[in-house]
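Each chain, written out:
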Amino acid sequence: SLLALFQRELAILASAQHECLLRFVGATDTPPFCIVTEWMPNSTLYVDLNHKRLLNTTDRSIAIFDIARGMKFLHSRHIVHRDLKSLNVLIDGNKKTKICDFGLSRFTAGDEKMTNSIGTPHWMAPELLNAECQYDSKIDVYAYAILLWEICTCSVPYQGLAAPQIVARVLVNDLRPEMPNNASP
């Protein structure tokens, strides 16, 4: 149910306080249900990479490390984000990035089977796209690699392909974004 999903997101937010994650302030426990977080005035990393260009090369390098630190913290708490992407990284007033949107996140509990085909195909690991496969926190590592490609190229992964085309080509043809020769070292 939607209430169960809301409660799961709250549980993750409340237990995952870290400087590289969006800070949880509070929530309502009666309708309309709301989550209150810190204010992040500079939109998403996606918008910045593809339109605004507020972050320079140094800022993007710092973002790479901050996102990794945030993901390392989540994984140390046995939390799989399951939807890491530039749209789920916000930029604060000091140009620092923070991971957000824990609506698809899950606490990992041993061999419990988690839902497949959840997330956004552009950033989804092959095992997450394949309904037959089990997966673990390594799906976040794959999404992080796609995010790194995105930060380095300031482009959208698999641009011009529809979601079903991405799924088919990643699973069948082992398609991955290629790093351009002119990418900054």
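Thresholds applied
- Within every chain, residues take consecutive numbers counted from 1 along the sequence as written.
- In keeping with the model being predicted, local features are shown solely for residues with a pLDDT of at least 70 and side-chain atom pairs are shown and tallied solely at 80 or more, while totals for entire chains, interfaces and linings include all residues.
- Water and hydrogen atoms were dropped before computing side-chain values, which therefore reflect all heavy atoms in the structure.
- Numbering of helices and strands starts at the N terminus; helices are DSSP runs of H or I of at least 4 residues and strands are runs of E of at least 2.
- Note on exposure labels: buried denotes an accessible area under 20% of the residue type's maximum, exposed denotes more than 50%, and partly exposed covers the range between, all computed with a 1.4 Å probe on protein chains only.
- Salt bridge, as applied in this entry: a Lys or Arg side-chain nitrogen positioned within 4 Å of an Asp or Glu carboxyl oxygen.
- Residue contacts are defined here by distance: any two heavy atoms, one from each residue, within 4.5 Å place the two residues in contact.
- Throughout, the arc means the angular range of directions from the helix axis out to the C-beta atoms.

## Examining the environment of Q7
Its place among the elements puts Q7 in helix α1 (residues 2-15). A relative accessible area of 47% means that Q7 is categorised as partly exposed. Distance from Q7 to D29, taken between C-alpha atoms, is 9.4 Å for residues 22 residues apart in sequence.

## Here's the deal with the pattern of salt bridges
Evaluated as defined, the whole model comprises eight salt bridges. Close ionic contact of R69 with D66 constitutes a salt bridge, the shortest N to O distance being 2.8 Å. Linking R69 with D66, this pair stays in helix α3 (residues 57-76), spanning three residues, or about one helical turn. Taking the relative accessible area as the measure of exposure, D66 reaches 4% and is therefore buried.

## Observations regarding the side chain of T44
Tracing the backbone through its elements, the reader meets T44 in the loop between β2 (35-37) and α2 (45-52). Using a relative accessible area of 12% as the deciding quantity, one classes T44 as buried. Beyond its immediate stretch of four places on either side in the chain, T44 contacts S86, L87, V89, L90 and I91.

## Examining α2
Residues of α2 that are buried include every one of L45, D48 and L49, and no others. Each buried residue of α2 lies within a common arc of 95° when the element is viewed along its axis, so the set occupies one face. For α2, the secondary structure elements touched by its buried residues are α3, β4 (89-91) and α5 (138-153). Where α2 terminates, the next one or two residues include R53, which has phi positive at roughly 60°.

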